[in-house]
Amino acid sequence: MMISSTIIAVAADNAALKPRADELAMELDLPRCELPCGKYSHILIYSCSASLTARLELRSTDFVGGTLGFRSRQGNRTKEPLARAIGLKAGTLPTVLDATAGLGRDAFILATLGCRVILVERSPLVAALLRDGLARALADDNARAAAERMQLHGGDAVTIMERYVEHERPDVIYLDPMYPHRSKSALV
(Lines give C-alpha, C1' and ligand atoms only; values in the text may rest on other atoms or scores of the structure.)
Protein backbone atom coordinates (compact mmCIF):
# COMPACT_ATOMS: atom_id res chain seq x y z
CA MET A 1 0.00 0.00 0.00
CA MET A 2 1.29 3.44 -0.87
CA ILE A 3 0.08 6.83 0.35
CA SER A 4 1.60 9.80 -1.42
CA SER A 5 1.26 12.90 0.71
CA THR A 6 3.24 15.84 1.99
CA ILE A 7 0.88 16.71 4.84
CA ILE A 8 1.52 13.62 6.94
CA ALA A 9 4.66 12.03 8.34
CA VAL A 10 5.59 9.15 10.65
CA ALA A 11 7.39 9.45 13.99
CA ALA A 12 8.04 7.60 17.25
CA ASP A 13 7.91 9.10 20.71
CA ASN A 14 10.76 6.93 22.03
CA ALA A 15 13.88 5.27 20.66
CA ALA A 16 12.58 1.70 21.05
CA LEU A 17 9.74 2.40 18.61
CA LYS A 18 11.83 4.09 15.90
CA PRO A 19 12.32 0.86 13.89
CA ARG A 20 8.54 0.41 13.71
CA ALA A 21 8.13 4.02 12.59
CA ASP A 22 10.82 3.56 9.93
CA GLU A 23 9.07 0.43 8.65
CA LEU A 24 5.67 2.12 8.48
CA ALA A 25 7.08 5.19 6.74
CA MET A 26 8.63 2.95 4.12
CA GLU A 27 5.46 0.86 3.72
CA LEU A 28 3.25 3.93 3.24
CA ASP A 29 5.84 5.97 1.32
CA LEU A 30 5.64 8.77 3.89
CA PRO A 31 8.41 10.99 5.24
CA ARG A 32 9.88 10.11 8.62
CA CYS A 33 10.34 12.93 11.14
CA GLU A 34 11.61 13.40 14.67
CA LEU A 35 9.43 14.92 17.38
CA PRO A 36 8.58 17.72 17.78
CA CYS A 37 7.72 18.13 14.12
CA GLY A 38 5.65 21.12 12.98
CA LYS A 39 6.35 20.76 9.27
CA TYR A 40 3.37 18.44 8.69
CA SER A 41 -0.31 18.94 9.56
CA HIS A 42 -0.68 15.36 10.84
CA ILE A 43 1.74 12.79 12.21
CA LEU A 44 1.34 9.04 12.62
CA ILE A 45 3.14 8.41 15.89
CA TYR A 46 4.16 5.14 17.46
CA SER A 47 3.64 5.85 21.14
CA CYS A 48 4.10 3.87 24.33
CA SER A 49 1.22 4.03 26.80
CA ALA A 50 1.45 3.89 30.58
CA SER A 51 0.99 0.11 30.37
CA LEU A 52 4.04 0.02 28.05
CA THR A 53 1.88 -1.15 25.15
CA ALA A 54 2.90 0.36 21.84
CA ARG A 55 0.14 1.96 19.82
CA LEU A 56 -0.17 3.96 16.63
CA GLU A 57 -1.80 7.39 16.98
CA LEU A 58 -2.76 10.01 14.45
CA ARG A 59 -1.99 13.45 15.86
CA SER A 60 -2.69 16.82 14.38
CA THR A 61 -0.05 19.52 14.75
CA ASP A 62 -2.97 21.76 15.68
CA PHE A 63 -2.90 25.48 15.19
CA VAL A 64 0.84 25.99 15.49
CA GLY A 65 2.34 23.56 12.99
CA GLY A 66 2.00 22.56 9.36
CA THR A 67 0.32 24.68 6.74
CA LEU A 68 -2.18 26.12 9.22
CA GLY A 69 0.62 27.43 11.41
CA PHE A 70 2.29 28.95 8.37
CA ARG A 71 -0.93 30.62 7.22
CA SER A 72 -1.59 32.01 10.68
CA ARG A 73 1.93 33.45 10.98
CA GLN A 74 1.58 35.26 7.65
CA GLY A 75 -1.45 37.24 8.82
CA ASN A 76 -1.84 38.92 5.43
CA ARG A 77 -5.42 40.13 5.45
CA THR A 78 -5.50 41.10 1.79
CA LYS A 79 -4.29 37.76 0.43
CA GLU A 80 -6.14 35.36 2.71
CA PRO A 81 -9.12 33.92 0.76
CA LEU A 82 -11.04 33.32 3.97
CA ALA A 83 -10.79 37.02 4.88
CA ARG A 84 -12.25 37.95 1.51
CA ALA A 85 -15.00 35.34 1.89
CA ILE A 86 -16.30 36.94 5.10
CA GLY A 87 -15.84 40.48 3.78
CA LEU A 88 -13.00 41.46 6.13
CA LYS A 89 -11.92 45.02 5.40
CA ALA A 90 -9.18 47.24 6.79
CA GLY A 91 -10.14 48.70 10.15
CA THR A 92 -12.89 46.16 10.86
CA LEU A 93 -12.70 43.22 13.23
CA PRO A 94 -16.05 41.45 13.00
CA THR A 95 -17.38 38.84 15.37
CA VAL A 96 -17.78 35.63 13.36
CA LEU A 97 -19.97 32.70 14.34
CA ASP A 98 -18.52 29.57 12.73
CA ALA A 99 -21.59 27.33 12.76
CA THR A 100 -19.69 24.32 11.38
CA ALA A 101 -16.44 24.55 13.35
CA GLY A 102 -15.07 21.04 12.84
CA LEU A 103 -11.49 21.06 14.08
CA GLY A 104 -11.34 24.86 14.01
CA ARG A 105 -8.93 25.43 11.12
CA ASP A 106 -10.91 28.24 9.47
CA ALA A 107 -11.83 29.77 12.83
CA PHE A 108 -8.17 29.88 13.84
CA ILE A 109 -7.20 31.69 10.64
CA LEU A 110 -9.98 34.24 11.26
CA ALA A 111 -8.81 34.68 14.86
CA THR A 112 -5.21 35.27 13.71
CA LEU A 113 -6.57 38.04 11.49
CA GLY A 114 -8.07 39.69 14.59
CA CYS A 115 -11.68 38.49 14.44
CA ARG A 116 -13.47 37.27 17.53
CA VAL A 117 -14.76 33.80 16.61
CA ILE A 118 -17.58 31.84 18.21
CA LEU A 119 -17.15 28.19 17.23
CA VAL A 120 -20.11 25.81 17.21
CA GLU A 121 -19.60 22.07 16.82
CA ARG A 122 -22.46 19.61 17.21
CA SER A 123 -20.40 16.42 17.37
CA PRO A 124 -19.36 15.87 21.01
CA LEU A 125 -16.29 13.91 19.88
CA VAL A 126 -15.09 16.62 17.49
CA ALA A 127 -15.90 19.31 20.08
CA ALA A 128 -13.75 17.45 22.63
CA LEU A 129 -10.85 17.30 20.18
CA LEU A 130 -11.25 20.99 19.41
CA ARG A 131 -11.44 21.89 23.11
CA ASP A 132 -8.16 20.04 23.67
CA GLY A 133 -6.52 21.79 20.71
CA LEU A 134 -7.66 25.20 21.98
CA ALA A 135 -6.29 24.45 25.46
CA ARG A 136 -2.91 23.58 23.95
CA ALA A 137 -3.01 26.68 21.72
CA LEU A 138 -3.56 28.84 24.83
CA ALA A 139 -0.36 27.36 26.29
CA ASP A 140 1.67 28.13 23.15
CA ASP A 141 3.25 31.59 22.84
CA ASN A 142 2.71 31.68 19.06
CA ALA A 143 -0.97 30.71 19.14
CA ARG A 144 -2.21 32.21 22.41
CA ALA A 145 -3.42 35.58 21.08
CA ALA A 146 -5.59 33.95 18.42
CA ALA A 147 -6.87 31.23 20.77
CA GLU A 148 -7.96 33.90 23.26
CA ARG A 149 -10.29 35.30 20.58
CA MET A 150 -11.98 31.91 20.10
CA GLN A 151 -14.94 30.65 22.14
CA LEU A 152 -16.21 27.08 21.68
CA HIS A 153 -19.79 25.91 22.15
CA GLY A 154 -20.82 22.30 21.74
CA GLY A 155 -24.31 21.66 20.45
CA ASP A 156 -26.73 22.48 17.68
CA ALA A 157 -25.85 25.64 15.74
CA VAL A 158 -29.47 26.79 15.39
CA THR A 159 -30.04 26.65 19.16
CA ILE A 160 -26.78 28.45 19.90
CA MET A 161 -27.43 31.09 17.23
CA GLU A 162 -30.86 31.79 18.77
CA ARG A 163 -29.12 32.44 22.10
CA TYR A 164 -26.64 34.84 20.49
CA VAL A 165 -29.31 36.79 18.64
CA GLU A 166 -30.91 37.50 22.02
CA HIS A 167 -27.69 38.74 23.65
CA GLU A 168 -25.01 39.53 21.11
CA ARG A 169 -25.50 39.37 17.39
CA PRO A 170 -22.43 38.21 15.40
CA ASP A 171 -21.45 40.29 12.39
CA VAL A 172 -20.90 37.23 10.19
CA ILE A 173 -22.24 33.69 10.25
CA TYR A 174 -19.77 31.38 8.54
CA LEU A 175 -20.83 28.00 7.16
CA ASP A 176 -18.34 25.66 5.57
CA PRO A 177 -19.97 22.42 4.53
CA MET A 178 -17.66 19.45 4.19
CA TYR A 179 -16.68 18.73 0.63
CA PRO A 180 -14.17 16.03 -0.25
CA HIS A 181 -10.74 17.28 -1.30
CA ARG A 182 -10.27 17.44 -5.08
CA SER A 183 -7.09 17.81 -7.05
CA LYS A 184 -8.79 19.59 -9.97
CA SER A 185 -8.19 23.27 -10.54
CA ALA A 186 -11.85 24.33 -10.21
CA LEU A 187 -12.96 25.11 -6.67
CA VAL A 188 -15.84 23.11 -5.21
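Let me begin by describing the structure that accompanies this report. Source: prediction; values computed, not measured. (Residues numbered from 1 in each chain as written. Predicted model: local features only at pLDDT ≥ 70, side-chain atom pairs only at ≥ 80, totals over all residues. Heavy atoms only, no water.)

Of regular secondary structure, the protein chain possesses seven helices and seven strands. For the protein chain, the succession of helices and strands along the chain, N to C, is β-α-β-β-α-α-β-α-β-α-α-β-α-β. Considering the protein chain as a whole, with its 188 residues, one finds that 39% of them fall into the buried category. If you take every contact in the protein chain between residues at least 6 apart in sequence, the share linking residues at least 24 apart comes to 55%. Counting only carbon and sulfur atoms, one obtains 56% of the accessible surface of the protein chain, whose full area is about 11500 Å². (Helix = DSSP H or I, 4+ residues; strand = E, 2+ residues; numbered from the N terminus. Buried < 20%, exposed > 50% of the residue type's maximum accessible area, 1.4 Å probe, protein only. Contact = heavy atoms within 4.5 Å. Areas by Shrake-Rupley, 256 points an atom, 1.4 Å probe, with all protein chains shown as cover.)

On to the sheet that holds strand β5 (residues 116–121), then. An order of β6-β5-β4-β7 is seen for the four strands of this open sheet, with the pairing classed as parallel. Looking along the sheet, the strands with just one partner apiece sit at the ends: β6 (150–154) and β7 (172–174). Pairwise comparison of adjacent strand axes, ignoring direction, gives a mean angle of 20° for this sheet. Across five bridges, β5 lies against β6 in parallel orientation. Bridge pairing in β6 places I118 opposite Q151. Sheet strands in contact with helix α4 (residues 105–112) are β4 (95–98), β5, β6 and β7, and its direction is about 170° off that of β5. Packing of helix α5 (residues 124–138) onto the sheet brings it into contact with β5 and β6, and relative to β6 it is tilted by some 160°. (Pairing = 2+ DSSP bridges. Axes fitted to C-alpha atoms, helices over the stretch in contact; angles between N-to-C directions.)

In this structure, I86, V96, L110, C115, V117, L119 and M150 are the most contacted members of the largest nonpolar core, which totals 24 residues. No other element matches the five residues that α4 contributes to this core. If we skip the residues at most four places from it in the chain, I86 touches P94, V96, L110, C115, V172 and Y174. Counting residues in hydrophobic clusters, the runner-up holds eleven residues, among them A12, L17, L28 and L44. (Core = buried A, V, L, I, M, F, W, Y, C linked by side-chain atoms within 4.5 Å.)

Read across the sheet, three strands follow the order β1-β2-β3 without closing on themselves; strand pairing throughout is mixed. The strands lining the two open edges of the sheet, one partner per strand, are β1 (8–12) and β3 (54–60). Put simply, the sheet's adjacent strands are angled 25° from each other on average, direction ignored. Pairing between β1 and strand β2 (residues 42–48): five bridges, direction parallel. Residue pairing for β2: A9 is matched across the bridge by I43. Where helix α1 (residues 18–28) meets the sheet, it contacts β1, β2 and β3, and its direction lies at approximately 160° from that of β1.

Let us now look at the environment of V120. As for its placement among the helices and strands, V120 is situated in strand β5. Among all residues touching V120, those that are not within four sequence positions of it are L97, D98, A99, T100, A101, H153, G155, D156, A157 and I160.

In this model, D29 sits at a positive phi of 55°, which is unusual for a non-glycine residue. Here D29 shows up in the loop between α1 and β2.

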